[in-house]
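What follows is each chain in one-letter form.
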Amino acid sequence: MRLWITVIMVIATAINVKAQESKTMSESEIRSKLTPMQLFVTQEKGTERPFTGEYWNLFERGKYHCVVCDAELFESDTKYDSSCGWPSFFDSKFKDNISEKPDYSHNMIRTEVVCKNCGAHLGHVFNDGPQPTGIRYCINSASLKFKPFNEK
Ligand code: FE
């Protein structure tokens, strides 16, 4: 009996989390505004092929927002050339907008990076980044929207 109560509570919590993740936008709104690659990455936890995205080789000054909900995620002053083929950041000024979750998919132990506001999958974070943090946020271009600082 106690086991069933626990199971039901876990399921209820999962449903609640899912509902909160999509609170800002309906699924049809998200589908109509994103490209197939943006949908694959942000909604299905997909990964774009390295060196194919829009931003892996971009080093202009500006801010990277969530492509789904526009939350601020990263800034160009913490972006660096990691040569991995994906946009890489050693830190974020907007940690309140980012959450990290354990990810055991594909026979790997990784830490997934997610937009805290809308639940969009962004990428993963690894411990092989440069100082001063030693971490590397490895983020799919398809989950980001770059806005240069001179743009109003
Ligand atoms: Fe978002």
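Residues numbered from 1 in each chain as written. Predicted model: local features only at pLDDT ≥ 70, side-chain atom pairs only at ≥ 80, totals over all residues.

(A) Focus on the overall build of the protein. Broken down by element type, the protein carries 3 helices and 9 strands. Mapped from its N terminus to its C terminus, the protein presents α and β elements in the order α-α-α-β-β-β-β-β-β-β-β-β. Taken over 152 residues, the protein has a buried fraction of 28%. Pairs at least 24 residues apart make up 55% of the contacts formed inside the protein by residues separated by at least 6 positions. (Helix = DSSP H or I, 4+ residues; strand = E, 2+ residues; numbered from the N terminus. Buried ≥ 20, exposed ≤ 12 C-beta atoms within 10 Å, placed from the backbone. Contact = placed C-beta atoms within 7 Å.)

(B) Highlighting the pairing of strand E5 (residues 98-103). With 6 bridges joining them, E5 and strand E6 (residues 110-115) adopt antiparallel strand pairing. Among the inter-strand pairings, Glu 100 is bridged to a residue of E6, identified as Val 113. (Pairing = 2+ DSSP bridges.)

(C) Structural detail: the environment of Arg 31. As for its position among the elements, Arg 31 is in helix H2 (residues 27-33). For Arg 31 and Val 68, which are 37 residues apart along the polypeptide, the C-alpha to C-alpha distance reads 9.7 Å.

(D) Representation of the nonpolar core. In this structure, Cys 66, Val 68, Leu 73, Cys 115, Ala 120, Leu 122 and Ile 139 are the most contacted members of the largest nonpolar core, which totals 24 residues. For this core, the secondary-structure elements that each account for two or more residues are strand E1 (62-66), strand E2 (72-75), E6 and strand E8 (136-139). Residues in contact with Val 68, not counting those within four places in the same chain, are Met 25, Ile 30, Leu 34, Thr 42, Cys 115, Cys 118 and Ala 120. (Core = buried A, V, L, I, M, F, W, Y, C linked by C-beta atoms within 7 Å.)

(E) Main features of helix H3 (residues 36-44). Residues Gln 38, Val 41 and Thr 42 constitute the buried set of H3. For H3, the buried positions fall inside an angular range of 85° around the axis, keeping them on one side. Opposite the buried face of H3, at more than 90 degrees from it, the exposed residues are Pro 36 and Glu 44. Contact partners of the buried residues in H3: strand E7 (121-126). Directly beyond the C-terminal end of H3, a positive phi value near 55° is found at Lys 45. (Arc of directions from axis to C-beta.)

(F) A look at the sheet that holds E2. Ordered in space as E2-E1-E9, the 3 strands form an open sheet in which the pairing is antiparallel. The sheet terminates laterally at E2 and strand E9 (144-148), the two strands that pair on one side only. Taking the axes of each pair of neighbouring strands and ignoring which way they run, one obtains an average angle of 30° across the sheet. The pairing of E1 with E9 spans 5 bridges and is classified as antiparallel. (Axes fitted to C-alpha atoms, helices over the stretch in contact; angles between N-to-C directions.)

(G) Just the sheet that holds strand E4 (residues 88-89), in detail. The sheet built from 6 strands is open, its strands ordered E3-E4-E8-E7-E6-E5 with antiparallel pairing. The sheet is open, and its two edges are formed by strand E3 (79-80) and E5, each paired on a single side.

(H) Quick look at unusual backbone geometry. For the bond from Gln 131 to Pro 132, the omega torsion is 15°, close enough to zero to count as cis. Along the chain, Pro 132 falls in the loop between E7 and E8. For Asp 70, which is not glycine, the phi torsion reads 75° and is therefore positive. Looking at where Asp 70 falls in the secondary structure, it is placed in the loop between E1 and E2. Phi angles above zero are rare outside glycine, and Ser 83 is one such case at about 65°.

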